[in-house]
Amino acid sequence: MSAVRRALPEDAEEVLRLRQIMIDSLFASDPSIAWHAESLPTLRAKLGEPDGDFVAFVVEHPERPGALACLVAGTIDYRIGKAADPQGMVGFVFSVATDPDARRRGYARACMTTLLEWFRERGARRVQLTASPQAEPLYVSLGFRPKPDPLLELTL
């Protein structure tokens, strides 16, 4: 299996391609990729911040040079502490995507394991994510448990 590595600024277009695969598989949304051009400068900058609160880990595609097979991205957020988590550092996984022709090879598991270690190293005691029904078995096998969440959202 290819090695997991941290995504670099030059991976930004491939990171967006894989994110689009994830978006298209989960949401009935606009399939346009016009937003990629606007997103690229910020993503490149974030990928170039070695000590920032955002990270992406990737695996290169074994059959397509220059392409990525898998992406896992997450952030660490500070929330005011509480008894079970005095430091208040919470990891959030928001993009997990594998190229359709590279699935079932363990890439997502390897990238997730690397991301979880990154969270641990930065003091996160909790990690949250939203899982599709297809991906839930992977996350459960890594120790994630369902938790009722009274999430409300406002789009500004």
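So, how was this worked out
Residues numbered from 1 in each chain as written. Predicted model: local features only at pLDDT ≥ 70, side-chain atom pairs only at ≥ 80, totals over all residues. Heavy atoms only, no water. Helix = DSSP H or I, 4+ residues; strand = E, 2+ residues; numbered from the N terminus. Expected span 1.5 Å × (residues − 1). Buried < 20%, exposed > 50% of the residue type's maximum accessible area, 1.4 Å probe, protein only. Contact = heavy atoms within 4.5 Å. Pairing = 2+ DSSP bridges. Axes fitted to C-alpha atoms, helices over the stretch in contact; angles between N-to-C directions. Salt bridge = Lys/Arg side-chain N within 4 Å of Asp/Glu carboxyl O.

**Q** Explanation requested: helix H1 (residues 12–26) in the structure shown.
**A** One full turn of an α-helix is made of 3.6 residues, so residues set three or four places apart face in the same direction. The terminal C-alpha atoms of H1 lie 21 Å apart, and with 15 residues this matches the ideal 21 Å at 1.5 Å per residue to within 8%. Three or more residues of H1 are buried, namely Ala12, Glu14, Val15, Leu16, Leu18, Gln20, Met22 and Ile23. On its buried face, H1 sits against helix H2 (35–47), strand S2 (54–60), strand S3 (68–78) and strand S4 (89–98).

**Q** Whenever I open this one, the sheet that holds S2 confuses me. Can you help?
**A** Where strands meet in a sheet, backbone hydrogen bonds hold them as pairs that are either parallel or antiparallel. Spatially, the five strands line up as an open sheet ordered S1-S2-S3-S4-S5, and their pairing is mixed. The open sheet is flanked by strand S1 (4–6) and strand S5 (126–129), the only strands paired with a single partner. Each neighbouring strand pair of the sheet contributes to a mean axis angle of 25 degrees, computed without reference to strand direction. Inspection of the sheet shows S4 paired to S5 by four bridges, in the parallel sense. Considered in S5, the bridge of Gly91 is made with Val127.

**Q** Teacher, can you tell me more about the pattern of salt bridges here?
**A** Summed over the entire model, instances satisfying the criterion amount to 13 salt bridges. Residues Asp99 and Arg64 are paired through a salt bridge, measuring 3.1 Å at the closest nitrogen-oxygen approach. With Asp99 in the loop between S4 and helix H3 (107–121) and Arg64 in the loop between S2 and S3, this residue pair connects regions lying 35 residues apart in the sequence. A salt bridge links Arg120 to Glu117; the nearest nitrogen and oxygen atoms lie 3.3 Å apart.

Interpretation in functional terms is not warranted from these geometric data alone.
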